[in-house]
Amino acid sequence: MLYAFRSNSNRTGISAVSSASVRQQTVLSFASRFISGLSSKVNTTAPQLSPEKAIREALQQLGINYGGELKPSLQITELHKYIYPEYGISTSPIQVTLYILPREKDARLVWNVNIAPLHSEHWWNLRIDAVTGALLDKNDWTVHCDFGPGAPAATSRNYSGT
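A. Looking closely at a nonpolar patch on the surface. A cluster of nonpolar side chains, contributed by Val22, Val27 and Phe30, occupies part of the molecular surface with about 290 Å² of accessible area. Within the secondary structure, phenylalanine 30 is located in strand 3 (residues 26-31). For phenylalanine 30, a relative accessible area of 53% gives the class exposed.

Spelled out as structure tokens, the structure:
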């Protein structure tokens, strides 16, 4: 399986992922998710919301109260990626990256906020609109396995990528 990534300039992360199955130098299938005319569909390329405000919006969506200061421990400016300490609210550093979120008829500039709340099995990935602060999408990266009655449940969120 091959994966192709296309980004819309160096500023907005991955805008599409396509995959191909190849066997003995022959393409068996190809699933293109590239979006033609993406630049005309995206609402903006300049965020109105700071990464810190995006974290606060994400925390509010998760029901987590934190009124302390938010200051990145690492900034990768050319990739619009910011890493924040755990602040006693996350089991791992909080990562925030600027992306374009493709939707059915348009695309939105979003802050992707990645947080694994303390005292929780969840590891959330939230897309916060970089203009309005609205939650546009969210998914849980935690994997739960059930091996039937009597077997212990398995949960995994072992990821250390940046």
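Let's pick the thread back up.
B. View of the packing of aromatic side chains. Scanning all chains against the criterion turns up three aromatic pairs. With a centroid separation of 5.4 Å and 35° between ring planes, the pair formed by tyrosine 66 and tyrosine 87 is classed as tilted. A residue pair is termed long-range when its members are at least 10 positions apart, and tyrosine 66 in the loop between helix 2 (51-61) and strand 4 (74-76) and tyrosine 87 in the loop between strand 5 (81-84) and strand 6 (94-102) qualify at 21 residues. Classification of tyrosine 66 as partly exposed rests on a relative accessible area of 23%. A residue is classified by how much of its surface remains accessible, and tyrosine 87, at 24% relative accessible area, is partly exposed. Where tyrosine 82 meets tryptophan 111, the ring centres are 5.9 Å apart and the plane angle is 65°; that geometry is what we call edge-to-face. Highlighted residues: tyrosine 82 in strand 5 and tryptophan 111 in strand 7 (residues 107-115), separated in sequence by 29 residues. You'll find tyrosine 82 and tryptophan 111 in the same group, each marked buried. Sitting above the plane of the tryptophan 124 ring, lysine 138 keeps its charged end 4.4 Å from the centroid.

C. Molecular detail of the sheet that holds strand 9 (residues 135-140). The strand order across the open sheet formed by six strands is 4-5-6-7-8-9, and the pairing between neighbours is antiparallel. Of all the strands in the sheet, the pair left with one neighbour each is strand 4 and strand 9. Within the sheet, the average angular offset between the axes of one strand and its neighbour, ignoring direction, is 20°. Relative to strand 5, strand 4 runs antiparallel, the two sharing three bridges. Residue pairing in the sheet places glutamine 75 in a bridge with tyrosine 82 of strand 5. The strands touched by helix 2 within the sheet are strand 5, strand 6, strand 7, strand 8 (124-129) and strand 9, with strand 7 carrying the most contacts at an inclination of about 70°.

D. Quick peek at unusual backbone geometry. Backbone geometry at glutamine 25 places phi at a positive 65°, although glycine is not the residue there. Structurally, glutamine 25 can be placed in the loop between strand 2 (14-23) and strand 3. Of the residues examined, glutamine 25 reaches a relative accessible area of 82% and is grouped as exposed.

Thresholds, definitions, all that
- Residues numbered from 1 in each chain as written.
- Predicted model: local features only at pLDDT ≥ 70, side-chain atom pairs only at ≥ 80, totals over all residues.
- Heavy atoms only, no water.
- Patch = residues over 30% accessible without salt bridge, like charges linked within 9 Å, V, L, I, M, F, W, Y side chains within 5 Å.
- Areas by Shrake-Rupley, 256 points an atom, 1.4 Å probe, with all protein chains shown as cover.
- Salt bridge = Lys/Arg side-chain N within 4 Å of Asp/Glu carboxyl O.
- Helix = DSSP H or I, 4+ residues; strand = E, 2+ residues; numbered from the N terminus.
- Buried < 20%, exposed > 50% of the residue type's maximum accessible area, 1.4 Å probe, protein only.
- Phe/Tyr/Trp six-rings, centres within 6.5 Å; stacked < 30°, edge-to-face > 60°.
- Lys NZ or Arg CZ within 6 Å of the ring centre and 35° of its normal.
- Pairing = 2+ DSSP bridges.
- Axes fitted to C-alpha atoms, helices over the stretch in contact; angles between N-to-C directions.
- Contact = heavy atoms within 4.5 Å.

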